[in-house]
Amino acid sequence: MEKKKKRIAMLGSTGSIGTQALEVISEHPNLFEVEVLTANNNSSLLIEQAKKFKPNTVVISNEKKYKEVDDALFGLGIKVFVGEKSLEEVVEGENIDIVLTALVGYSGLKPTIKAIKSSKTIALANKETLVVAGDLITKLCEEYGVPLYPVDSEHSAIFQCLIGEPYNPIEKIYLTASGGPFMGWSKNDLINIKKEEALKHPNWDMGEKITIDSASLMNKGLEVIEAKWLFDLKKEQIEVVVHPQSIIHSAV
C-alpha cells in the first residue's frame, strides 16, 4: 500500500531554512507535498517556488508585493493571500499535516500557536518562538498532544541523540559555537567593526539576522533558552563550547 504523503505548510519558504527544506521535499516527492508557501518580502523567489511546487495557497506578508504575486500566479489554481493575519489563518487548514515555522524573529509566535491549537505537527526553526514564550508553547503542545520537532542544527542533533533514550537521564548537553568572524579579537579591535564584516560568517551561509546574532554570540544565548524548553533542562545542564571547526553541532 502506498504511504500517504505528509502535507507541509512552510512559513518562511524563501529563507535559508525554507529553501533547504524545499530541496529535501524535491528529493522525496513520494513522502511530502507542499500545501502552503509564505514569504515576507522576496516575492520573486516565492513566485518561482509556487510555480515549481504548485501549493494550494501562498501568502506574501508585504502588502505592496501582493499584486505582483497574484498576477504572476493567476490561472494556476493557487490561492494568494496577503498580510501577517493570513499566516495565522492558513495554518489552520484541514489539508495540512506539518507546519514548518522558519520565520525570522518574533513573527513566528502567533502562527505557531494557531498551528498547535489546530493539532498540526510543528517543525520549529524559529528559536525566538521558544525564547519569548517557551512555557506557553510547551504547555500548549502537551495540552493538544502536538509533537514539536526542532529543525535548528544544534537542537536537531540533540533530539536525534535522545531517540531511544527515554529512561537515560541527561547529565549535560553541549551546544557548540563557531566563535563567529571576530573570535580572538581584542576589545579595541571590536570598536570599529562594520556590518559587512559581521556578515562574513567563517563557516555558514545564513540569513542576515542570524549571522549578526552569531557574530555577537547572542544567537548562542537564544539557543540555550531554546534548549531549556525543548528538552526540559535546568540551565546548569547546558554548556556552550567554542568549536571553530563546526564539525560537531552539539553533544549529549
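Above this note sits the structure.
These numbers come from a predicted model, not from an experiment. (Residues numbered from 1 in each chain as written. Predicted model: local features only at pLDDT ≥ 70, side-chain atom pairs only at ≥ 80, totals over all residues. Heavy atoms only, no water.)

Undergrad: For this particular structure, what's the right way to read the sheet that holds strand β10 (residues 250–251)?
TA: For sheets, the rule is that strands pair by backbone hydrogen bonds, running either parallel or antiparallel. One open sheet accounts for three strands, arranged β9-β8-β10; its pairing is mixed. Of all the strands in the sheet, just β9 (238–242) and β10 have a single pairing partner and so form its edges. Here helix α7 (residues 153–162) sits on the sheet and contacts β8 (173–177) and β10; the angle it forms with β8, its principal contact strand, is near 150 degrees. Along the sheet, helix α11 (residues 218–230) makes contact with β8 and β9, crossing β8 at roughly 155 degrees. (Pairing = 2+ DSSP bridges. Helix = DSSP H or I, 4+ residues; strand = E, 2+ residues; numbered from the N terminus. Contact = heavy atoms within 4.5 Å. Axes fitted to C-alpha atoms, helices over the stretch in contact; angles between N-to-C directions.)

Undergrad: Help me understand a nonpolar patch on the surface, please; the structure alone is not making it clear to me.
TA: On the surface, Trp 185, Leu 190 and Ile 193 cluster together into a nonpolar patch covering about 230 Å² of accessible area. Its place among the elements puts Trp 185 in the loop between β8 and α8 (187–190). (Patch = residues over 30% accessible without salt bridge, like charges linked within 9 Å, V, L, I, M, F, W, Y side chains within 5 Å. Areas by Shrake-Rupley, 256 points an atom, 1.4 Å probe, with all protein chains shown as cover. Salt bridge = Lys/Arg side-chain N within 4 Å of Asp/Glu carboxyl O.)

Undergrad: For this particular structure, what's the right way to read the sheet that holds strand β5 (residues 98–101)?
TA: Read from one edge to the other, the open sheet built from seven strands follows the order β4-β3-β2-β1-β5-β6-β7, with strand pairing classed as parallel. Of all the strands in the sheet, the pair left with one neighbour each is β4 (79–82) and β7 (148–150). Going across the sheet, the axis of each strand differs from the next one's by a mean of 20 degrees, ignoring polarity. Against the sheet, helix α1 (residues 16–27) touches β1 (6–11), β2 (32–39) and β5, its axis set at about 160 degrees to β1. Sheet strands in contact with helix α2 (residues 43–53) are β2 and β3 (57–60), and its direction is about 160 degrees off that of β2.

Undergrad: Teacher, can you tell me more about the pairing of strand β6 (residues 121–124) here?
TA: Remember that side chains alternate between the two faces of the sheet whenever the strand is regular. By the alternation rule, side chains of β6 split into Thr 121 and Ala 123 and Ile 122 and Leu 124, which are all buried. The pairing of β5 with β6 spans four bridges and is parallel. Note that in β6 the partner of Leu 100 across the bridge is Ala 123. Taking the sense of rotation as the criterion, the β-α-β connection linking β5, helix α5 (residues 109–117) and β6 turns out right-handed. Two elements, β6 and β7, share three bridges in a ladder whose sense is parallel. Each bridged residue has a counterpart across the sheet, and for Ile 122 the counterpart in β7 is Leu 148. Read from β6 through helix α6 (residues 127–144) to β7, the crossover connection turns out right-handed. (Buried < 20%, exposed > 50% of the residue type's maximum accessible area, 1.4 Å probe, protein only. Right-handed = clockwise from strand over helix to strand, strands pointing away.)

Undergrad: Explain the pattern of salt bridges here, please?
TA: A side chain of one charge can pair with a side chain of the opposite charge if their charged atoms are brought near each other. Overall, the coordinates contain twelve salt bridges when judged by the stated rule. The shortest N-O distance in the salt bridge between Lys 127 and Asp 152 comes to 3.4 Å. Of this pair, Lys 127 sits in helix α6 while Asp 152 sits in the loop between β7 and α7, placing them 25 residues apart in sequence. A single burial state applies to Lys 127 and to Asp 152, both of which are buried. Note that Lys 139 is salt-bridged to Asp 135, the shortest N-O span being 3.2 Å.

Undergrad: So what exactly am I meant to see when it comes to the packing of aromatic side chains here?
TA: By the definition in use, this model includes two aromatic pairs. Plain terms: the ring middles of Tyr 149 and Phe 159 are 5.6 Å apart, the flat faces sit at 75 degrees to each other, and that makes the pair edge-to-face. Of this pair, Tyr 149 sits in strand β7 while Phe 159 is found in helix α7, placing the two residues ten residues apart along the sequence. Ring geometry for Phe 182 against Trp 185: centres 4.8 Å apart, planes inclined by 65 degrees, an arrangement best described as edge-to-face. When its relative accessible area of 34% is taken as the criterion, Trp 185 is described as partly exposed. Its end group placed over the ring of Trp 229, Lys 228 keeps NZ or CZ at 4.2 Å from the ring centre. (Phe/Tyr/Trp six-rings, centres within 6.5 Å; stacked < 30°, edge-to-face > 60°. Lys NZ or Arg CZ within 6 Å of the ring centre and 35° of its normal.)

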